Amino acid sequence: MLVFRIAVKRPTGQRFPLYSPPIPHRSYVPTSYLFAVLLQVVQPVPPPPLTPLAPVAGSTASGASAAGTSSTTNSAAGGSRHAGAVYHGRRGQLTVTTPRRDAVTVVDGRFDEPAWADAAVLTGFSQFFPTDGLAAQDSTEVLVWYSATELHVGIRAFAGPGSVRATLADRDKISADDNVQLFLGTYSDSRQALVFAVNPFGIQSDGVLTETGSVLGGGFTSTTAKARESSDLAPDYVWKSKGQLTDFGYQVELSIPFKSLRYRAGDEQRWQLNVARTVQITGHEETWTPALRGAASFLAQSGVLAGLRDLRRGLTVDVIPTITSSAVGTRPTSGAAWDYNGGRPELGGSVRWGVTSNLTIAGTANPDFSQVEADATQFSYDPRQAVFFPERRPFFLESQEQFTTPNRLIYTRRIAQPVAASKLTGKYGGFDIGVLSAVDNQDASFNQTNSPLYNIVRLQRDLGAQSRMGIAYTDKIDGQRWNRVVGVDGRLVRGIYNLQGQVASSFTSSDTGMRRAPLFDVSASRNGRRFVARYAMSGISPDFDAQSGFIARPGIANISATHRWNFYGKPKALVELFSPELYVMGRYQYDSFVNGDGSQDRQLHLRANTRLKRGWQIGTQLLLEVFGYDPSLYTNYVLLQPRSAGRIDTVAYAGTPKIGNRDWVLSIGTPEFRRFSYSGFGIVGYDENFQEWSSSRIFSLQNTLNLRPTEQLRVAATWNYDTFDRRSDGTRVLTR
């Protein structure tokens, strides 16, 4: 199946390029294969002439950062003299006194207004990924100052000729480009930070980084771990950016209004700040602070943006009215003219009010979500687990991080088509607060006669420097039926060690009476530089029912352990990082686990992930598994048994108690070359065949190719192909 998507974008040059959501569509997987192609054409706008600027003392136009200085007397070869203070990350100069200038500027990426002349300069970057503790190979300068209403940031990224990767990408789709990310912790809690990222043209990516103790990489994805959690890019904030390529690399200007931020009330603000630069030609990530991989928190290693006084947010009110209408055509008789009846238009809309600098109230009535991006098609290798689709609707994405819980006890997509909804989010009295109430459409009720009512509360409290406790409460009322979930969770962080836990109970009332069921989850991890370990145990009762959340598979318990060793190569060596990994897991039916019986599934995965010079990645795995028969999947299966006289009898199906698997996995990923990048993933071996519960020979390929013939043209193609053949006679069971 071929799916084409075409978009034309014309940036104005006055603000950030307008974001056009992808055209909604739904893809259906044919029985043979899935092949999707994304084609996007962008019309560029020529950048304005560039005013030559030179690096401040402490940076060089190429190579590693030179020795820094905190003086304000630095020359600018080919440019003007810079009078601002310099803060060198590798020298430990991490507390920035932010200068204030009540000046009006135009965000054009040029830094030619007088206010930039004495901005604070952040330089002296360090390498963070794949190897930490080294001076960055590329020089970067970040200029910072503020006015009464906005934070102003300028970026100068020095790079060799022709080495910068940049395209006119969609918003939040700049990971394949060179980019710079700002992590702004406005509450200085070392747990959460707003993320503002730009590519060399100023294309934006924004969201929230909330540290939960998980780490990217490793595992079944066969990639080297980044030692930093991923950001949630679903939220979109209002800010400006503009960038351009230069003879020394690229530079970008950012303007972030304070009304787009949340922060504590007070005369003076002290915010956590870190800056990370991704250089695609080497595959390296570089940070302003000398952050270390061997730490339980990346945000706790941030610097400080100090001296922010008398900030003015102004009135923060957003109103989005909507009017929707549809026309239905009918033809009374054959050959007659069509009669169209448009009916009455439907009114709706959303409103958001920033009550204080850290509390926001939002409401919506009869919202229109017709322009929301459609869900992407997903493959599921295990039919016993439900497929998760993330929230995409703007009203529910706003402050979504306030409702995050372990095990997804809160999942706003359960509110299918709200008639009305309201929520309160923010921070008050040391608590993170999230309160949501919604009335759903009658079509979403059990008998389609009631309007389900949802009430959700999420409270979190910071403990110490990095630890946290939280509670979650959800309530769904559908006529005489109701479902409530109460949960308590916490995270304790000490150095490189992390302990997390959650307990919850569901209470469900239906026609058959009231049921109560538990959930528990506990994990401990060590996030060292050379040795990483994680141990976890969880259990979900078969009767646990979270009707306001998402539980992929109830009725099971898991015990798992992961050990990973990191071996770092020398600077400029062919192998930058080699990470062997051992993963063991036992999966139990919940009742069997409680009664001390044996496991249903057992898994032993031996993995080796390698990061090569310039960003190449190679991963191999050997999967040794035993899967047990799950009768709940085959309740509708029967065996047809031939009898005498041509009769056929039906016999209840009973599968083989255990099936053994042995699979080999190979993955490869190229760097982000100027014109293309590729990632591939293949599985071959013997695996369980859930379609008829037998052992089969599996062959699976997942291929992704991204082409960038020009800065304006991008083509993305994905091809997934799976086959399952019976081991008994080699006949084909499934192709998809």
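The following paragraphs examine the structure supplied in this document.

The next point concerns the pairing of strand β8 (residues 150–158). Here is the key point about a regular strand: its side chains alternate between the two faces of the sheet. When you tally the buried positions in β8, you get nine out of nine residues, the bulk of the element. Burial along β8 is two-sided: the face carrying Glu 150, His 152, Gly 154, Arg 156 and Phe 158 and the face carrying Leu 151, Val 153, Ile 155 and Ala 157 are both buried. Bridge count for strand β7 (residues 140–146) against β8 is seven bridges, and the pairing is antiparallel. Of the residues in β8, the one forming a bridge with Tyr 146 is Leu 151. Counting the residues in the hairpin turn of β7 and β8 gives three residues. Sheet topology places β8 next to strand β13 (residues 249–257); nine bridges connect them, and they run antiparallel. By the bridge assignment for β13, Ala 157 is matched with Tyr 250.

This part covers the pattern of salt bridges. Applying the stated criterion across every chain, the model contains 36 salt bridges. Across the salt bridge formed by Asp 382 and Arg 384, the nearest N and O atoms sit 2.9 Å from each other. Take Asp 382 and Arg 384: they sit in the same class, and that class is buried. Taking the shortest distance from any N to any O, the salt bridge between Asp 462 and Arg 468 comes out at 2.9 Å. In the salt-bridge network here, residues are joined through shared partners; they are Asp 189, Arg 191, Lys 427, Asp 432, Asp 462 and Arg 468.

It is worth spelling out unusual backbone geometry at this point. For the bond from Phe 129 to Pro 130, the omega torsion is 5 degrees, close enough to zero to count as cis. Counting through the fold element by element, Pro 130 comes out in the loop between β5 (126–129) and β6 (134–135). The phi angle at Asn 407 is positive, at roughly 60 degrees, despite the residue not being glycine. Positive phi, normally seen in glycine, also occurs at Lys 572, with a value near 70 degrees. Among the structural elements, Lys 572 can be located in the loop between β31 (567–568) and β32 (575–589). Classification of Lys 572 as exposed rests on a relative accessible area of 69%.

What follows concerns the packing of aromatic side chains. For the structure shown, the criterion picks out 31 aromatic pairs. Ring plane angle 15 degrees and centroid distance 5.5 Å describe the contact between Tyr 629 and Tyr 634, whose orientation is recorded as stacked. Site record: aromatic cluster; members linked through ring pairs are Phe 627, Tyr 629, Tyr 634, Tyr 637, Tyr 653, Phe 690 and Trp 693. The ring of Phe 388 carries the charged tip of Arg 408 above its face, separated from the ring centre by 3.7 Å.

Reading the values: rules and limits
Residues numbered from 1 in each chain as written. Predicted model: local features only at pLDDT ≥ 70, side-chain atom pairs only at ≥ 80, totals over all residues. Heavy atoms only, no water. Buried < 20%, exposed > 50% of the residue type's maximum accessible area, 1.4 Å probe, protein only. Helix = DSSP H or I, 4+ residues; strand = E, 2+ residues; numbered from the N terminus. Pairing = 2+ DSSP bridges. Salt bridge = Lys/Arg side-chain N within 4 Å of Asp/Glu carboxyl O. Phe/Tyr/Trp six-rings, centres within 6.5 Å; stacked < 30°, edge-to-face > 60°. Lys NZ or Arg CZ within 6 Å of the ring centre and 35° of its normal.

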